[in-house]
Amino acid sequence: MSLRRFGILILVLSGVLPLLVAGMIAIPRAEHTALEDVRIGNGRLAVRAASRIAAHVDSQVLLLKSLGSILTSRVLLEPTQVDSVLRNFRMAFRHIESLEVVSLADCHAIASSTIEDRNRETTRYRCDDPDIRAARDGRLVLGEPKLAQDFKLLMKMVIPLEVAGERVGIAVAQLDLVGIWDAVGEVRVGETGTARLLARDGTLLAHGDPEERRRVFLREIDPRAAVVARHGLSGARYQDGQGREVLAVAAKVPQVDWLLVVEQPISEGYHAALVLKRDLFVVMALAMVLAVVVGVLLGRAPVRAIDALKRHAQEVARGNLGSRVELPRFVEMRSLAQAFNKMAVDLGELQEDIRAKERLSTFARVAAGLAHDLQAPIESIRDACAEALSSSGASGSPPVDDSPLAPLQKAAQSHLPRLHRYVRDLRRLAHDGELPLELADVDPRKVAEKVVAESQGSARWQGVELAVEGSSAPILVDESLLHRALSNLVANGADACMTRRPPGGRVVISISETARGEEVALRVIDTGVGMEEHFVRELMAHDFRSTKRSTGVGIGLCVVRQIAAAHGGQVLVESRLGHGSTFTLLLPRHPSKPAPSAQETAGR
């Protein structure tokens, strides 16, 4: 055997065998994972659709209960007026097939929405109806759905009517459940997966497949109702009526105990695994061809080096600027590889520089927009406060706690000037790229206590405990900007606590000095939901990244970082998912240099 053939054989074995072994291991796992993903995804769809149906039923209950606010005790004494109310109510809500009101006193129907039953119902005794007796005891009765002669799916509701906590009668309604068809019909999984709704006894109420909806009108009992109900969201596997093996997950509809079933063929669930198997065979074939080619060219090291440079260039073209090429033995190729590596480094630095400038430009535009939009409302509020205080004679006088104008006077003297300075600082930041500082010796604990006192009055954070711990000697800072930074961090911490279930928690401003006493650390510690490690890294790498997950764009934290940089300090973040976060504002006791420009701090 020649050396070239031996090399080709070695390359083929080393390239194909690992792929074959990896495929034998990966494909069964991929099949299991794919099916598990299908089960979880379909289970979420089932729960969501069941919740939607339950919400529809609840809305009908609330709709009927609203009769209590229309029918007062005085009206109930006049059956003709009740008849008029019921007719108007049924005309407004066309899905109400029939509606009547039964008296609590003698169990006779007071009025009915249908003309043919109106005279007869007023004389019929209704207390022998167990549903009426249950409603007299204050219980809501939801009957089993029934198919009417015109193939409408109707459900009986018996609801006690109340006015100001006093029962005034009983509403008996037959409702068309047409609203549940959309919730069932919109569930689509894969290519052929659908949903169906079953009653408590397994009767088919709705089906997402138009071809199967005829079974609803035939009032068929689903033979697999007990199986899917037993397995629930864990999923049940069986063969459907077409002989296909399917995976079905089921979710209960609250209050009515119906069963929402989402069913999908197993073959569709295995689609991802089949694609993986096909791709594996394709990769194995390509690997074999590549092994033959490399074997033929064995000994041509420059070709392999060029191939490595080509792959590196492709990685860089895809945006992987961290990719590096190994240096070959040849001097010329080594120089070329070093040039490629340096190019990737330079491109990465250029990309970071562009991103930093884009973030600065974005922040400047946001600051300019906020300054422009807030100026007019603040001036209007200030003029209105001044006019109100001057007309009452309280302008310029110290606030009186028991005066009705005390909150207005406090806001005019304390909050409006600070808002005016916020707008001025935003305008300066947008135009000049830096924050103006008004330095003074400030006790950080007093500022922290002021922030806590202002935040405790917010209704947004009811249930969140705010506190201040520790102290330090006065530091040379801009008191207004320090107040703003702490307010933003406390607001983020309180919002994180309110995101917990149940809402609530604790936010503490901890003040301490560093070991050498040259810096003061102001830590805002919360017991909120916390953040994952990768989210913390992204938070520190980008200026605009919100800590609130679902609201905001991160402007508050960006302002905090700008304030820290303007004083020559920095912001540090520590967080654990589910255990809260700690934002540390490190400020030098005596700034040794003027505040850096926004261009200098944008990339930090």
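What you see is a predicted model; the values in this text were computed from it and never measured.

1. Brief notes about the overall build of the protein
Point 1. Check the secondary structure of the protein and you find 19 helices and 18 strands.
Point 2. For the protein, the residues scored as buried account for 43% of the 604 residues in total.
Point 3. Counting contacts in the protein only where the partners sit at least 6 residues apart, residues at least 24 apart contribute 60% of the total.
Point 4. Surface accessibility of the protein: about 32300 Å² in total, with carbon and sulfur atoms responsible for 56%.

2. Side note on a nonpolar patch on the surface
Point 1. Where nonpolar side chains cluster on the molecular surface, the patch consists of Leu-17, Leu-20, Val-21, Met-24 and Ile-25 and spans about 460 Å² of accessible area.
Point 2. Within the secondary structure, Leu-17 is located in helix H1 (residues 3-65).

3. A look at the environment of Asn-488
Point 1. Along the polypeptide, Asn-488 turns up in helix H16 (residues 479-499).
Point 2. Along the primary structure Asn-488 and Cys-558 are separated by 70 residues, whereas in three dimensions their C-alpha atoms are 9.9 Å apart.
Point 3. Here Asn-488 is in contact with Gly-556, Val-559 and Val-560, once residues within four sequence places are set aside.

4. Details of H16
Point 1. Over its 21 residues, H16 runs 30 Å from end to end, which matches the ideal 30 Å to within 8%, given 1.5 Å per residue.
Point 2. For H16, the buried fraction is high: 16 of the 21 residues fall into the buried class.
Point 3. Here H16 starts with a cap whose side-chain oxygen sits 3.1 Å from the backbone nitrogen of Ser-480, and that cap is Asp-478.

5. A short note on the packing of helix H15 (residues 444-456) against H16
Point 1. Here H15 crosses H16 at 50°, and the two axes come no closer than 9 Å. With respect to H16, the axis of H15 lies oblique. Crossing handedness for the pair H15 and H16: right-handed. Across the interface between the two elements, Val-447, Ala-448, Lys-450, Val-451, Glu-454 and Ser-455 from H15 touch Glu-479, Leu-482, His-483, Leu-486, Ser-487 and Val-490 from H16.
Point 2. Here the residues of the contact of H15 with H16 sort into 6 nonpolar, 3 polar and 3 charged.

6. Remarks on the side chain of Asp-129
Point 1. Inspection of the secondary structure puts Asp-129 in the loop between helix H5 (115-121) and helix H6 (130-136).
Point 2. Overall, the relative accessible area of 15% leaves Asp-129 in the buried class.
Point 3. From its side chain, Asp-129 meets the backbone nitrogen of Asp-131 in a polar contact 2.9 Å long.

7. Re the sheet that holds strand E10 (residues 245-253)
Consider a sheet: its strands pair through backbone hydrogen bonds, and that pairing is either parallel or antiparallel.
Point 1. The 5 strands lie next to each other as E8-E7-E11-E10-E9, forming an open sheet whose pairing is antiparallel. If you trace the sheet from one side to the other, it starts and ends with strand E8 (204-207) and strand E9 (236-239), each paired once. Geometrically, the sheet is characterised by an average inter-axis angle of 30° between neighbouring strands, direction not taken into account.
Point 2. Of the pairings in the sheet, the one linking E10 to strand E11 (residues 258-265) comprises 8 bridges and is antiparallel in character. Note that in E11 the partner of Ala-248 across the bridge is Glu-263.

8. Quick word on the nonpolar core
Point 1. Ile-53, Leu-64, Met-157, Leu-197, Trp-258 and Leu-260 are the most contacted members of the largest nonpolar core, which totals 60 residues.
Point 2. Setting aside its immediate chain neighbours within four residues, Leu-260 contacts Ala-46, Ala-49, Ala-50, Ile-53, Val-184, Ala-195, Arg-196, Leu-197, Val-249, Ala-250 and Ala-251.
Point 3. Counting 40 residues, the second largest nonpolar core, distinct from the first, contains Val-468, Val-524, Phe-535 and Ile-563.

9. Let's talk about the confidence of the model for the protein
Point 1. Averaged over all residues, the pLDDT of the protein equals 76, while 75% of them reach at least 70.
Point 2. Ignoring residues within four places in sequence, the model shows residues 544-553, a span with pLDDT below 50, making 30 contacts including any to other chains.
Point 3. Below pLDDT 50 for its whole length, residues 593-604 participates in 28 contacts with residues either more than four positions away or in separate chains.

About the cut-offs
- Residues numbered from 1 in each chain as written.
- Predicted model: local features only at pLDDT ≥ 70, side-chain atom pairs only at ≥ 80, totals over all residues.
- Heavy atoms only, no water.
- Helix = DSSP H or I, 4+ residues; strand = E, 2+ residues; numbered from the N terminus.
- Buried < 20%, exposed > 50% of the residue type's maximum accessible area, 1.4 Å probe, protein only.
- Contact = heavy atoms within 4.5 Å.
- Areas by Shrake-Rupley, 256 points an atom, 1.4 Å probe, with all protein chains shown as cover.
- Patch = residues over 30% accessible without salt bridge, like charges linked within 9 Å, V, L, I, M, F, W, Y side chains within 5 Å.
- Salt bridge = Lys/Arg side-chain N within 4 Å of Asp/Glu carboxyl O.
- Expected span 1.5 Å × (residues − 1).
- Polar contact = N/O pair within 3.5 Å; in protein donor to acceptor, adjacent residues only side chain to side chain.
- Axes fitted to C-alpha atoms, helices over the stretch in contact; angles between N-to-C directions.
- Parallel < 35°, antiparallel > 145°, perpendicular 65-115°, else oblique.
- Left-handed = near helix turned anticlockwise from the far one by under 90°.
- Nonpolar A, V, L, I, M, F, W, Y, C, P; charged D, E, K, R; others polar.
- Pairing = 2+ DSSP bridges.
- Core = buried A, V, L, I, M, F, W, Y, C linked by side-chain atoms within 4.5 Å.
- pLDDT = per-residue confidence, 0-100.

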